[in-house]
Amino acid sequence: MNPEIIHSLKELLPQIQGYIYPNEIEIHWGLLIVVYPYITGVVAGAFILASLVKVFNVKEVQPLYRLSLLTALAYLLVAPMALVAHLGHAERFYEILLTPQTSSAMAMFGFVYAWYLMAVLLLEIWFVHRTDMIDMAEQSKGATRLLYRALSLFSKDKGERAVTFDHKALKVITIVGIPSAFLLHGYVGFIFGSIKANPWWSSVLIPIVFLFSAIVSGIALVVLLYMIITPLTGGKISMRCVDKAVDFLFYAVIVDFSLEMVDFIHRVYQSEEEIKILSEMVMKKLFGSLIIVQVLLGMLVPLLLISLTKIFRKRFGLNEDLRKMVYFISVILIQFGIFATRWNVVIGGQMFSKSFRGLTMYKMEFGGIEGLLFAILLLALPIIILAVLMKILPPWKEIHGEGVSEGVEVAGS
Amino acid sequence: MNGRRSFLRGFFAVLLSGGAIEGVLKLFPSKAHAKETARTGKWYGYGVSVDKCIGCARCMDACKNENNVPREPFFVRTWVERYITRKNGQTTVKAIAPGDEAAPEAASDKTILRSFFVPKLCNQCADPPCVQVCPVGATFQTEDGVVLVNEKTCIGCRYCIQACPYGARYLHPVTHTADKCTFCYHRISQGQLPACVEVCPTQSRIFGDLNAAASPMSRFLRMNKIHTLKPGLNTEPKVFYANLDGEVR
Amino acid sequence: MGKLFERFPDPLARLIVVVLAMAALGAFAYFVLIPKSVKDVEMQWADAIKREKARPIKYAGFHVCEECHGEIHNKKKTGYHKDLSCETCHGPAKAHAENPDKTKPVIPTARTFCPQCHAFNPSRPRGFPQINPVAHNPLKPCSSCHNPHDPKPPTTPKECSACHGEIARMKAVSHHVQLECTVCHQAPQQHKVSPRSVKPTKPQAREFCGKCHGKDATDKLAKNAPKVDLGEHGEKYVCWQCHYPHSPEVEQ
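Residues numbered from 1 in each chain as written. Chains lettered and ligands numbered in written order. Predicted model: local features only at pLDDT ≥ 70, side-chain atom pairs only at ≥ 80, totals over all residues.

Student: Could you clarify how one ought to interpret the overall build of chain B in this entry?
Tutor: Along its length, chain B carries 7 helices and 11 strands. Out of the 249 residues in chain B, the part that is buried amounts to 52%. Within chain B, residue pairs in contact and separated by at least 24 positions form 66% of the contacts whose partners lie at least 6 positions apart. (Helix = DSSP H or I, 4+ residues; strand = E, 2+ residues; numbered from the N terminus. Buried ≥ 20, exposed ≤ 12 C-beta atoms within 10 Å, placed from the backbone. Contact = placed C-beta atoms within 7 Å.)

Student: Which parts of the structure should I look at to understand the overall build of chain C?
Tutor: Counting its secondary structure elements, chain C contains 11 helices and 0 strands. Tracing chain C from N to C terminus, the helices and strands come up as α-α-α-α-α-α-α-α-α-α-α. A globule of 252 residues ought to have a C-alpha radius of gyration of about 18 Å, yet chain C, at 36 Å, is considerably larger. If one aligns the C-alpha atoms of chain C with their principal axes, the spans along those axes are about 120 × 65 × 30 Å. Put simply, 45% of the contacts in chain C that link residues at least 6 apart link residues at least 24 apart. (Rg over C-alpha atoms; globule rule 2.2 N^0.38 Å.)

Student: Mind showing me how you'd approach the interface of chain C and chain A here?
Tutor: When the parts of a complex come together, some accessible area is lost, and that lost area is often used as the size of the interface. Every contact between the two is made by 10 residues of chain C and, on the other side, 11 residues of chain A. Mapped by element, the contributors of at least two residues to the side of chain C that touches chain A are α2 (10–33) and α3 (36–39) of chain C. With 5 residues, the top contributor of residues to the side of chain C that touches chain A is α2(C). Grouping the amino acids of the side of chain C that touches chain A by side-chain chemistry returns 7 nonpolar, no polar and 3 charged. (Nonpolar A, V, L, I, M, F, W, Y, C, P; charged D, E, K, R; others polar.)

Student: Can you help me understand the sheet that holds strand β2 (residues 78–86) of chain B in this one?
Tutor: The strands that make up a sheet pair up through hydrogen bonds in the backbone, lying either parallel or antiparallel. Residue and element names in this part refer to chain B. With antiparallel pairing, the 3 strands of this open sheet are ordered in space as β3-β2-β4. Across the chains shown, the open sheet's two edge strands, defined by having one partner strand only, are β3 (91–95) and β4 (112–121). If you compare each strand with its neighbour and ignore which way they point, the axes differ by 20° on average. Relative to β3, β2 is paired through 5 bridges, and the arrangement is antiparallel. Bridging from a neighbouring strand, Thr85 pairs with Thr91 of β3. Relative to β2, helix α2 (residues 58–67) is tilted by about 160°, and along the sheet it contacts β2 and β4. (Pairing = 2+ DSSP bridges. Axes fitted to C-alpha atoms, helices over the stretch in contact; angles between N-to-C directions.)

Student: So what exactly am I meant to see when it comes to the pairing of strand β9 (residues 205–209) of chain B here?
Tutor: Moving residue by residue along a regular strand, the side chains alternate between the two faces of the sheet. Residue and element names in this part refer to chain B. Extensive coverage of β9 is indicated by the burial of 4 of its 5 residues. Pairing analysis gives 5 bridges linking strand β1 (residues 44–49) to β9, with the strands arranged antiparallel. Paired with Val48 across the bridge in β9 is Arg205.

Student: So what exactly am I meant to see when it comes to helix α3 (residues 65–86) of chain A here?
Tutor: Because an α-helix completes one turn every 3.6 residues, residues spaced three or four positions apart along the sequence face the same direction. For α3(A), which comprises 22 residues, the first-to-last C-alpha distance of 33 Å matches the rise-based estimate of 32 Å (1.5 Å per residue) to within 8%. Within α3(A), 17 of the 22 residues are buried, leaving the element largely enclosed by the surrounding structure. (Expected span 1.5 Å × (residues − 1).)

Student: Can you walk me through unusual backbone geometry in this structure?
Tutor: For residues that are not glycine, phi is negative in most cases, and the peptide bond is trans in most cases. Residue and element names in this part refer to chain B. One non-glycine residue, Asn234, adopts positive backbone phi at about 55°. Turning to its location among the elements, Asn234 is positioned in the loop between β10 (226–227) and β11 (239–242). Overall, the presence of 10 C-beta atoms within 10 Å leaves Asn234 in the exposed class. Although it is not a glycine, Glu236 sits at a positive phi angle of roughly 55°. Residue classification places Glu236 among the partly exposed residues on the basis of 15 C-beta atoms within 10 Å.

Student: Honestly, the environment of A:Ile383 in this entry has me stumped. Any pointers?
Tutor: Residue and element names in this part refer to chain A. Relative to the helices and strands, Ile383 resides in helix α15 (residues 372–392). Given 14 C-beta atoms within 10 Å, Ile383 falls into the partly exposed group. Here the alpha-carbon distance between Ile383 and Tyr21, two residues 362 residues apart in the chain, equals 41 Å.

Student: Mind showing me how you'd approach the interface of chain A and chain B here?
Tutor: Tallying the contact residues gives 47 residues for chain A and 52 residues for chain B. Sorting the residues of the side of chain A that touches chain B by element identifies α1 (3–12), α4 (95–98), α5 (105–139) and α7 (160–193) of chain A as the ones contributing at least two each. In terms of residues, the side of chain A that touches chain B owes the most to one element, α7(A), which gives 6 residues. Each residue belonging to the side of chain A that touches chain B can be placed in one class, and the counts come to 26 nonpolar, 14 polar and 7 charged.

Student: For this particular structure, what's the right way to read helix α8 (residues 205–232) of chain A?
Tutor: When the terminal C-alpha atoms of α8(A) are compared, their 40 Å separation across 28 residues agrees well with the 40 Å that a helix rising 1.5 Å per residue should span. Within two residues after α8(A), A:Gly234 carries a phi angle of roughly 80°, on the positive side.

Student: Sorry, what's going on with the confidence of the model for chain C here?
Tutor: Low-pLDDT stretches of the model should not have their predicted coordinates read in fine detail. When pLDDT is averaged across chain C, the result is 88; 98% of the residues are at 70 or more. Among the scores for the predicted complex, ipTM is 0.90 and pTM is 0.89. (pLDDT = per-residue confidence, 0-100.)

Student: Explain the packing of α7(A) against α8(A) to me, please; I cannot follow it from the model alone.
Tutor: Describing two packed helices takes the angle between their axes plus the distance from one axis to the other. All names here are of chain A. Put simply, α7 and α8 touch, their axes get as near as 7 Å, and they point 135° apart. As judged from the angle between their axes, α7 and α8 are oblique. Here α7 runs over α8; the crossing is right-handed. Note on element contacts: α8 touches α7 through Ile206, Pro207, Val209, Phe210, Leu211 and Ala214, opposite Phe182, His185, Gly186, Val188, Gly189, Phe190, Phe192 and Gly193. Residues belonging to the contact of α7 with α8 are distributed by class as follows: 10 nonpolar, 4 polar and no charged. (Parallel < 35°, antiparallel > 145°, perpendicular 65-115°, else oblique. Left-handed = near helix turned anticlockwise from the far one by under 90°.)

Student: Looking at this structure, how should I read the sheet that holds β1(B)?
Tutor: All names here are of chain B. Spatially, 4 strands are ordered β9-β1-β11-β10 in an open sheet, and the strand pairing comes out mixed. The sheet is open, and its two edges are formed by β9 and β10, each paired on a single side. Of the strand pairs in this sheet, β1 and β11 are connected by 4 bridges, and their pairing is parallel. Across the sheet, Tyr46 pairs through a bridge with Val239, a residue of β11.

Student: Looking at this model, I keep getting lost on the packing of helix α2 (residues 31–54) of chain A against α7(A). Mind explaining?
Tutor: Residue and element names in this part refer to chain A. Where α2 contacts α7, the axes come no closer than 9 Å and their chain directions differ by 155°. One way to sum up the angle between α2 and α7 is to call them roughly antiparallel. For the pair α2 and α7, the crossing hand works out as left-handed. Counted together, Pro37, Thr40, Gly41, Val43, Ala44, Phe47, Ile48, Ser51 and Lys54 of α2 and Leu170, Thr174, Gly177, Ile178, Ala181, Leu184, His185 and Val188 of α7 form the full contact between these two elements. Split by residue class, the contact of α2 with α7 holds 10 nonpolar, 6 polar and 1 charged.

Student: Quick question: what am I supposed to make of the nonpolar core here?
Tutor: For soluble globular proteins, the rule of thumb is that nonpolar side chains tend to be buried together. One finds A:Val43 and A:Val223 to be the most contacted residues of the largest nonpolar core, which totals 199 residues. For this core, the element with the most residues is α2(A), which contributes 18 residues. Among the domains, domain 2 (49–107) and domain 3 (112–200) of chain C are the pair contributing at least three residues each to this core. Ignoring sequence-local partners within four residues, the contact set of A:Val223 consists of A:Val242, A:Ala245, A:Val246, A:Leu249, A:Tyr327 and A:Val331. (Core = buried A, V, L, I, M, F, W, Y, C linked by C-beta atoms within 7 Å. Domains from an automatic or database assignment.)

Student: Hey, could you run me through the confidence of the model for chain B in this one?
Tutor: On average, residues of chain B score 87 in pLDDT, and 82% of them are at 70 or above. The low-confidence segment residues 22–35 of chain B, where pLDDT is below 50, has 23 contacts with residues more than four positions distant or belonging to other chains.

Student: Help me out: how do you make sense of the pairing of β4(B) in this one?
Tutor: Residue and element names in this part refer to chain B. The element β4 is largely enclosed, with a buried count of 7 among its 10 residues. The pairing of β2 with β4 spans 9 bridges and is antiparallel. Residue pairing for β4: Thr85 is matched across the bridge by Arg114.

Student: Is there a simple way to think about the environment of A:Met227 in this case?
Tutor: Residues and elements named next belong to chain A. Relative to the helices and strands, Met227 resides in helix α8. Considered as a pair, Met227 and Ile237 are 10 residues apart in the sequence and their alpha carbons are 6.5 Å apart. Contact partners of Met227, with chain neighbours within four places excluded, come to Ile237, Val242 and Phe328.

Pasting the structure below:
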């Protein structure tokens, strides 16, 4: 018997308001399950940003292409860590691959994840970097040379046939990749949205809302990383690129906000049985994280700020630094907002009783595997992995705007 | 122009195939549960007479004894709720505990309109949402209609606990696997009653084979107006309530 | 291998090799290396069912005690406690049934034991015998007056309140406090023996309440009772369709 579990549950007893089923006192999906959709959201969003370049030929955001792909990979590698760490029996995680139940969204998600990782993201990154890896192999010695040879699958062919195939393959992969990215994060939304027992989660809109908030967080994060990394590595931020990316971010935030407003209005208007306990929960337990952080700071303030840069185009057009600061603040606020969105969905869904008569509380630990410390580590880990990836597959030429990278579609091909 | 056309083609291809795959997944539900009522052999069900329950909580005690459920109040396989509806229309609910003080009111409370006890347990649904969502097939439905958890393969993801609309499941603090009422499967397979039914002093709890011709269960289903919990969720519970008040969730 | 590289462009050929190698490795791992018990879910279910069935039993069941404790069983068979299992009060007794001398079940004697069922609680159903554990023969053990296996009260209760505690307590703080139960209800003696089959009578007509509450009531008890014109008051309903006789509510 773990005395810590009992102790922390005992502390929750006086915090219960109303009536909850006795088993509901323990909140089962905690901080790790909040971190997880945030991370996969960034993956989907970063990939959508990359596909803006490849499929929709938005040339202005070219500098972000390789960065978004590598960001997506870094975050995708960390995502399953959050899930496996949360399991009661992490050592049995392989069972989900050996005896998956086809009716379980969680089981099928394992395969969606594997498909996306192998068939989309890794392939795309490989094709983008293949010729670069050949070059780097030639220029290095010893272990590094072996690394690049292995990564390029010992390819040495830079001839026209191979390179043309690279371009064609990239096209196809990105086209397949967009719905795959939708599937990856939409599936996470579906895992929540398909639980009919929980009226906070059970909604047709949840996969869509998850997806659009994912796109918002992904684009915002890549812009944030670009704005930090470029000056740090001696480059100059291309305002043309950032302006365009923030444009897309702006539209995505509008769509995301509208969807969440639609969900809210729909619930309040229909006024089903659960509306009483849900509104009590929002006003009492989620006021700070939902009204203040998610809506106000995470969506309305960035919307306002970015609209201001659009309205006062002349004034802001002159002062680049002011625009940069506005963008910088906005993308940071958006990160907090989207994280709060995940928090409100996951934790919010467990804070009210399924008897609709009571509320409980989530007590966040500091240490331990479900604790704040580990969550911060998991959120920092993708940045570290990204740094390693950028060392191996440097995106500097593209980020600093010199030359044309492999990913660009040459007119007429 | 070419790019956009081929994108749209590819997009719809994946969408249709993805949608088809998802649709197929629901058409071939996991082997874990048999949706058809077993026509031969046993198909266990349970009956609760709400107006016979005296709220003594001996059932809760017996269950914890029989099944080695942790003694703390945070983990229950069965529990009893006490409902009080007052004249102003407010209903309050409380879960009782075996050691509870006998009701503090010695005289009658004039503001009470209706008051009663409701025993609750796993409904052993015929279409269990918990079985539907288990990713590894650790929870499954037996041929005689009991939903069990295989504690050797459960990975402790807690999806089933989220999916249960009745709050019947908990994560066992020692084995770190999901756990819940099993109708005392080890007892009923030897022809005995579940522990809670065994010790109930007023026969408020009834257990039996829904397929049997003459049994306390079949009489219960004939003589009472029968209700189940949250019927709108279509889980087809096999715990049937007689004289269930509309306030009960 | 060479042909592969001729037919397909270099990167595609290499990928095909990698994919085929991974597929082969995966197939080998799945079909050869991994044991059946890990990948066959139906086998796992069969094992789980076996394990579940083998769990130890703690409660022996109501049939078992009769074998050795026949007289107690016969005594209990006809009394008010006939629906109780022995283990309801004596706790799990399987160990005792298998080895009677080694372990003995508990014999509860504390005054806190019986009130777990019999203390007054307004949520308990009508007609269930309830007492106030503080006021009811304080300090005496319950078994000194009631044999637990045939818990007839030592004297047949004259008061209806022994079983109808809720109603008695409600009436005691109401306007009808001075009315005995027998004023309105006639209970045959058999009702105390088979309460659910032989029921007391209930008034049938408005005129019954009119004996005290009608405009021309002459009953001694009716001196201060509120009076109504039976012909006009209450449309077509009988009195108790609106007023609860055990605690009659009156609109101010």
